[in-house]
Each structure stands twice: as structure tokens, then as C-alpha cells.
Amino acid sequence: MNKLKHVCITAALAAGLLGTAGPATAAPAPKPCKPELLLLKSLPSTDGYVSGEVLGLGAGDLSVGSSEGVPVFWEGVKVTAVPLPAGWTAGKVNAVNAGGLMVGTLTRDNGREAVAFTYRKGDAAVALLSAAGDNSWGADVNDAGYVVGTAAGTATVWRDGQVVRRLPVPADAHSSTKVGAAGINKRGDIVGTATTYYWDEAGDYPVGNSFPVVWPAGGYDPYSLLVENQTDYTIGNRATDLDAAGRVVGFEDVNMKAWYRTTAQVWKKPYDALPTLPGKLPGHVDGELYAISPTTNVSVGSAMTYEENYPQKLKPQYWPGSGPMLTLPLPNADATGLAKAVSDDDRVGGTVIDYDHLVGESAAVWTCASKQAYAL
């Protein structure tokens, strides 16, 4: 057969075969986003003032946290209490993964005893992760179901209700150092804070330090992240969260009797430099970062100014990862607030505080937060 004719026949056959497959299916259009500040329902109040905070964001319109001092979850604005085991009187849900697995902490005896737990919507009871006497806190959970927190003063990892790893103290840390876990990302990297305190016999003075620690996925040795202070026990550094790229957020706090200051900080791989400072919200002296989104590099927290060791002018702060620190809207000029959770689908969760108009502290979610964030 003539080579050119063969090519044409082959092309025609291919075109015919492709034609029988029908038109390609178009990708579904993204769900339209409506910028709103949602004030979520509270459990019945015992004193006339509502209280609540959103600490984690799940799939769809699921959010988790606490209301009236007990662990709850919300679907939209509807609140549902997590069932408390006998003897436990308070607590909070700190995080939820894409599959709806919640993790949190229960307390009793005015917070002097604590236990970590997991829960799924519809379960008759929570699953306790440790014995009641082994003070523990459930901090975070990833989509693979690994839960991180602290048990008996040690950073701990659970899965399916069982301890799978006790996280080691960094080899370069002082022997007095204790570590607690705060967050885990999709691949399994874990972040927490190490705290050191001891008496220097030679100098006859106390030495204190706290700094972020990252335990890489796969069981590799942990990193001690760099901080300015190495010995002054009045200055601490706390890690609060990390994202898929290993960026760590947190803050430095200075507590010197009548002088208290906090500064938002970010650490980046390869963890060989001091933290960067995202900057402060104009008109505010202090600031903290509580959470970072899994992949979009958005961090949230609170801005404030300490006066006589008490935070004033609280505002939720929103940082896109570059540029100036932004804030999120509040319902009126008298309201203040904090942002404590952020998701990849552009939601931010936290608290709106307004005793004049809201009669208390309302759990809140900002939808399409990037479209609401603005510079002061």
C-alpha cells in the first residue's frame, strides 16, 4: 500500500475511534464562595453569656472546638456536644481530619487532670487514648489517622487508639528538656515545643529555654529550630502548627513581671536560620500565629497590645505568606476577636468577643477569608 495512503487511512480510523468516545467530560465548576462571618450557635449558657471557639476545620462546613467549656462540633452553625465520659466535666476538640476523625482533650478537677481522646460524629462515646492518671493532651490529627499530643510529659503519637511512637528529645538538648507535640502534616512530619529549665550551679542562676522541634516523617532524628534566646527563662518560643512544606508557625513570648510581649514567628526548611517575623498589625504592639493552612501558606492568629499584662485591642490576624499582616472583619466597632484555625478552602475559624452586642464570646467562621482580609 502506498505509504501516504496508509497514513491517511490510519489517521481516519483513529479519528473515527476517537469520535465514538463522545465529548470529553468537563471538570465540575468550583463551588461559588460567599464571603461571610458566621457566628455559630452555643450550647445553653448557665450565666447568660455565651462562650465558644473554633479550633479546627474539617470537610464541608464541619468545624470543631468548644462551647460552654465542653468539646463540640458544628455543622454549619448548628452545634452538637461531644458525649462526655463519666467523671469528665470539660474539654475541647482541637482538630479534625478530612475523614471526620476528631481529637481533643478532656479535663476535670478544675483542669488538674487531663486525658486525650478521639471521636467521630455518631459514636456513642469518645475513645480515650491513655489512662486517666497519665495527664495527656490531644493536639492534632492528619488524614492518615495519626494523632499527636502529649502524654506524661512526652510527645506521643497514636493510631487506632494505640501508642505507636514516643517522640525523642533532640540530641543537642539539655537533659532537663521535655517535649510536647502540637501539629502533624499530611506526610507525617510533627512539630512541637521543647522546654528546658535547670539551675546553673557554676553561675548560681536559673537557665531556661523553649524552642520548636520538628520530627520528620519516617522516624528520622528531630531538628531543634533556632531561636534568639538560649538561657533567659523569661523568654520562650512556642510552635503551634506546620504545613505540608514544613513551614512552622508560632510566637516568642517575653514575661518579665510587669512587662509582657509576644511576637509572631515563622521557621522554614532547612531550619538553619533564625525565624522570620511576618510583621505586626498596624496599631498593635504584639501578635501571635496559631495555625497555618495545609498547602496555601496562609497563617492566622491574633494581634493585641499588652497593658499591665492583659491583652487589649484583640483582633484576628491573617497573613497570606508575604506582604503586610491583615485583619478580618468583626460585626461592629466594639467587638474583638482571635483566629485559631485555617483551611485550604479559604475558611478561618476562631472567636468573636463582644459582651455588648453578642453577650459573650461566640465561635466564628470566616468563609472566603482571603476576600474579607484587609489592611489597617
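Refer to the structure presented above.
Is there a simple way to think about the overall build of the protein chain in this case?
Along the backbone of the protein chain there are two helices and 27 strands. With respect to the principal axes defined by its C-alpha atoms, the protein chain has extents near 100 × 55 × 45 Å. The burial tally for the protein chain puts 49% of its 376 residues in the buried class. In the protein chain, of all internal contacts separated by at least 6 residues, the share reaching a separation of at least 24 is 43%.

Sorry if this is basic, but what is going on with the pairing of strand E12 (residues 154–159) here?
On a regular strand, each side chain points to the face opposite its neighbour's, so the side chains alternate between the two faces of the sheet. Two strands pair when backbone bridges link them, and strand E11 (residues 147–151) and E12 are joined in this way by five bridges, in the antiparallel orientation. Its bridge partner being in E12, Val147 is matched across the sheet by Trp158. Connecting E11 to the next strand, E12, in antiparallel fashion are two residues, including Ala152 with a positive phi near 50 degrees. Strand direction decides the pairing type here: E12 and strand E13 (residues 162–166), joined by four bridges, are antiparallel. Residue pairing for E13: Arg159 is matched across the bridge by Gln162. Connecting E12 to the antiparallel partner E13 that follows it, the hairpin turn spans two residues, and Asp160 within it adopts a positive phi of roughly 55 degrees.

I'm lost on the sheet that holds strand E3 (residues 62–67) in this one. Help?
Hydrogen bonds between backbone atoms are what pair the strands of a sheet, whose relative direction is either parallel or antiparallel. Pairing in this open sheet of four strands is antiparallel, and the strands run E2-E3-E4-E5 from one edge to the other. Of all strands in the sheet, those with a lone pairing partner are strand E2 (52–57) and strand E5 (78–81), marking the two edges. The mean inter-strand angle of the sheet, taken between neighbouring strand axes irrespective of direction, is 35 degrees. The pairing of E3 with strand E4 (residues 70–75) spans six bridges and is classified as antiparallel. By the bridge assignment, Ser63 is partnered in E4 with Trp74.

I would appreciate a short explanation of the state of the cysteines in the present structure.
A covalent bond between the sulfur atoms of two cysteines is what we call a disulfide. Across all of its chains, the model carries one disulfide by this definition. One disulfide bridge connects Cys33 with Cys368, the sulfur atoms lying 1.3 Å from each other. Judged by the torsion about the S-S bond (-125 degrees), the Cys33/Cys368 disulfide is left-handed. In this pair, Cys33 sits in the loop between helix H1 (3–20) and strand E1 (36–39) while Cys368 sits in the loop between strand E27 (360–367) and helix H2 (369–372), placing the two residues 335 residues apart along the sequence. Taking relative accessible area as the criterion, Cys33 reaches 40% and is therefore assigned partly exposed. Judged by its relative accessible area of 0%, Cys368 is buried.

Would you explain the side chain of Thr367 in this entry?
Checked against the element boundaries, Thr367 lands in strand E27. Overall, Thr367 belongs to the buried group, its relative accessible area being 14%. At a separation of 2.6 Å, a polar atom in the side chain of Thr367 contacts the main-chain carbonyl oxygen of Lys34. With residues near it in sequence (within four places) discarded, Thr367 still touches Lys34, Pro35, Glu36, Leu38, Asp346, Arg347 and Gln372.

Please explain the pattern of salt bridges as it appears in this structure.
Where charged atoms from two side chains of opposite charge approach closely, those side chains can pair. Taken as a whole, this structure holds 10 salt bridges when the rule is applied. A salt bridge links Arg261 to Asp286, with the nearest nitrogen and oxygen atoms 4.0 Å apart. In this pair, Arg261 sits in strand E20 (residues 259–267) while Asp286 sits in strand E21 (residues 286–292), placing the two residues 25 residues apart along the sequence. Among the ionic pairs, Arg347 bridges to Asp345, the shortest N-O distance being 3.1 Å. For Asp345, a relative accessible area of 43% puts it in the partly exposed group. Several salt bridges share partner residues, and in doing so they unite Glu53, Lys92 and Lys340 into one network.

Looking at this structure, how should I read the environment of Lys41?
Here Lys41 lies in the loop between E1 and E2. By relative accessible area, which is 52% here, Lys41 ends up exposed. Between the C-alpha atom of Lys41 and that of Thr276, which follows or precedes it by 235 residues, the distance is 37 Å. With sequence-adjacent residues up to four places away left out, Lys41 is seen in contact with Trp74, Val77 and Val79.

Would you mind showing me how to read the nonpolar core here?
Note on soluble globular proteins: their nonpolar side chains tend to be buried together. Ranked by size, the top nonpolar core spans 22 residues in total, and within it Leu167, Ile190, Trp215 and Val248 carry the most contacts. Contributing elements (two or more residues each) for this core: E12, strand E14 (178–184), strand E15 (190–200), strand E16 (205–215) and strand E18 (235–242). The element contributing the most residues to this core is E16, with four residues. Core analysis: the second largest hydrophobic core is formed by 16 residues, Ala335, Val342, Val352 and Trp366 among them.

Calculation rules
- Residues numbered from 1 in each chain as written.
- Predicted model: local features only at pLDDT ≥ 70, side-chain atom pairs only at ≥ 80, totals over all residues.
- Heavy atoms only, no water.
- Helix = DSSP H or I, 4+ residues; strand = E, 2+ residues; numbered from the N terminus.
- Buried < 20%, exposed > 50% of the residue type's maximum accessible area, 1.4 Å probe, protein only.
- Contact = heavy atoms within 4.5 Å.
- Pairing = 2+ DSSP bridges.
- Axes fitted to C-alpha atoms, helices over the stretch in contact; angles between N-to-C directions.
- Disulfide = S-S within 2.5 Å.
- Polar contact = N/O pair within 3.5 Å; in protein donor to acceptor, adjacent residues only side chain to side chain.
- Salt bridge = Lys/Arg side-chain N within 4 Å of Asp/Glu carboxyl O.
- Core = buried A, V, L, I, M, F, W, Y, C linked by side-chain atoms within 4.5 Å.

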